[in-house]
Amino acid sequence: MEHSLRGRLLAWVMLPLAGAVVFDGAVSRQNAEATAAVVQDRLLLGSARIVAEQLRFEDGSIQDPIPPAALELFQSGDIDHVYYRVITSDGRTVTGYPEFQQSDARLQPETARFFDAVVRGQAVRAVVYLQPVLTETGIQPVRVQIAQTLQGRSALARSLWMQAMVQQLATLALVALLVWVGLRNCLKPLLRLRDAVLARRPGSLHALEIQAVPRELSPLVDAINEYAMRLERHTSVQQTFIQNAAHQLRTPLALLTTQVSYAVRAAD
């Protein structure tokens, strides 16, 4: 069964590269998910700060009109649900979704904490932000919680990962093409050696004379020339033996021929 040296060399070069692409694809997947998570967290924090800035004390209670800009940050092509809840220090919900469970994280004023939760049976990523509000009795800490479902984050991670994989596969294809061209050029000396061997006349025992032989092919050329020299010496020794044997047999054969001729002519 014939094997292509060019194909084997290409396979040995490309297999490690393909393994590296697979490994890099797994790493890229993790990086894409981490990037999408960071993007979502920043959107959540920005929305929470916008909501917190609108908190004010009026008519004996804390008012918080949710500005449209706080929710417009999450507008995308994916169907995601945004939940929010503003909670006073005594646990009263000023606005938002009461089923959005209150985070028990301990916070300093104007600090945030991210956490995972479930709202209405959907997994969400959430942030809680502590905003101090000046009231008639003093400063009261108010918690602002914003949550978003994970469809948009998953779509963003998938998009980032697909872009990375397309780039890596395109790079792998380009490398394969360049390696293939490089192998063709590198194997030209081997093809010249083949042509030189095929061009020899039958029975020729002269040494191969090839210009600019690569270092890797020099042992092969030397082995062929050494074999030709040994074959020439063997042929020379064989011819000498045949000549000597013929010379040694010439006189006995002549004598035998004479005796046979005489016997044929004799009557007895």
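Residues numbered from 1 in each chain as written. Predicted model: local features only at pLDDT ≥ 70, side-chain atom pairs only at ≥ 80, totals over all residues. Heavy atoms only, no water.

Novice: So what about the nonpolar core? Which residues, and what values?
Specialist: Among the nonpolar cores identified, the biggest contains 16 residues, and A48, L55, V86, V142, V144 and I146 are the most heavily contacted of them. Contributing elements (two or more residues each) for this core: α1 (5-53), β3 (82-87), β6 (122-135) and β7 (138-149). It is α1 that provides the largest number of residues to this core, a total of five residues. (Core = buried A, V, L, I, M, F, W, Y, C linked by side-chain atoms within 4.5 Å. Buried < 20%, exposed > 50% of the residue type's maximum accessible area, 1.4 Å probe, protein only. Helix = DSSP H or I, 4+ residues; strand = E, 2+ residues; numbered from the N terminus.)

Novice: Lay out the environment of R85 with the relevant residues and their values.
Specialist: The residue R85 is located in strand β3 in this model. Residue classification places R85 among the buried residues on the basis of a relative accessible area of 9%. A sequence separation of 59 residues divides R85 from V144, and the C-alpha atoms of the two residues are 6.1 Å apart. Apart from residues no more than four positions distant in its own chain, R85 is found in contact with G91, T93, T95, G96, Y97, P98, F100, Q101, Q102, R143, V144 and Q145. Among the polar contacts made by the side chain of R85, one reaches the side chain of T93 at a distance of 2.9 Å. (Contact = heavy atoms within 4.5 Å. Polar contact = N/O pair within 3.5 Å; in protein donor to acceptor, adjacent residues only side chain to side chain.)

Novice: I'd love a proper account of the packing of α1 against helix α3 (residues 151-186), names of residues and values included.
Specialist: Two elements in contact, α1 and α3, have axes whose closest approach is 8 Å; the angle formed by their N-to-C orientations is 160°. As judged from the angle between their axes, α1 and α3 are roughly antiparallel. Handedness of the α1/α3 crossing: right-handed. Residues that form the contact of α1 with α3 fall into these classes: 24 nonpolar, five polar and seven charged. (Axes fitted to C-alpha atoms, helices over the stretch in contact; angles between N-to-C directions. Parallel < 35°, antiparallel > 145°, perpendicular 65-115°, else oblique. Left-handed = near helix turned anticlockwise from the far one by under 90°. Nonpolar A, V, L, I, M, F, W, Y, C, P; charged D, E, K, R; others polar.)

Novice: Summarise a nonpolar patch on the surface; cite the residues concerned and give the values.
Specialist: The grouping of L174, L177, L178, W180 and V181 at the surface amounts to a nonpolar patch, some 470 Å² of accessible area in total. Note on placement: L177 falls in helix α3. (Patch = residues over 30% accessible without salt bridge, like charges linked within 9 Å, V, L, I, M, F, W, Y side chains within 5 Å. Areas by Shrake-Rupley, 256 points an atom, 1.4 Å probe, with all protein chains shown as cover. Salt bridge = Lys/Arg side-chain N within 4 Å of Asp/Glu carboxyl O.)

Novice: So what's going on with α3? Which residues, and what values?
Specialist: Side chains that are three or four residues apart share a direction in an α-helix, a result of its 3.6 residues per turn. Here α3 contains 36 residues, and its C-alpha end-to-end distance of 51 Å stays within 8% of the 52 Å for a straight helix at 1.5 Å per residue. Of all the positions in α3, only G152, A155, A157, A164, M165, Q168, L172, V179 and L183 are classed as buried. (Expected span 1.5 Å × (residues − 1).)

Novice: So, the pattern of salt bridges: which residues are in play, and what are the values?
Specialist: The tally for this structure, following the rule as stated, stands at four salt bridges. We note a salt bridge from R29 to E33, for which the minimum N-O separation is 3.3 Å. Residue R29 and its partner E33 are located together in helix α1, separated by four residues, close to a single helical turn. Under the relative-accessibility criterion, E33 is labelled partly exposed at 39%. Here D116 and R125 are joined by a salt bridge, their closest N and O atoms 3.0 Å apart. The exposure class of D116 is exposed, given its relative accessible area of 59%. Note on R125: relative accessible area 16%, which makes it buried. Within this structure, D41, D116 and R125 form a network of salt bridges that share partners.

Novice: Summarise the pairing of β7; cite the residues concerned and give the values.
Specialist: Counting buried residues along β7, nine of its twelve residues qualify, which places the element largely inside the surrounding structure. Sheet analysis places β3 next to β7, joined by six bridges and oriented antiparallel. Across the sheet, the residue bridging to V82 is Q148, located in β7. In the sheet, β6 pairs with β7 via twelve bridges, with the strands oriented antiparallel. When the sheet's bridge partners are listed, V124 is paired in β7 with T149. Remark: two residues form the turn of the hairpin made by β6 and β7, two consecutive strands paired antiparallel. (Pairing = 2+ DSSP bridges.)

Novice: Please give an account of the packing of aromatic side chains that cites residues and values.
Specialist: Within the structure shown, the criterion is met by two aromatic pairs. When the ring of Y83 is compared with that of Y97, the centres are 5.2 Å apart and the planes differ by 80°; the resulting orientation is edge-to-face. With a gap of 14 residues between them, Y83 in strand β3 and Y97 in the loop between β4 (93-96) and β5 (112-119) connect regions that are remote in the sequence. Overall, Y97 belongs to the partly exposed group, its relative accessible area being 23%. For the pair Y84 and Y97, a centre-to-centre distance of 5.5 Å together with 80° between the ring planes defines the contact as edge-to-face. Placement of the pair is Y84 in strand β3 and Y97 in the loop between β4 and β5, with a sequence separation of 13 residues. (Phe/Tyr/Trp six-rings, centres within 6.5 Å; stacked < 30°, edge-to-face > 60°.)

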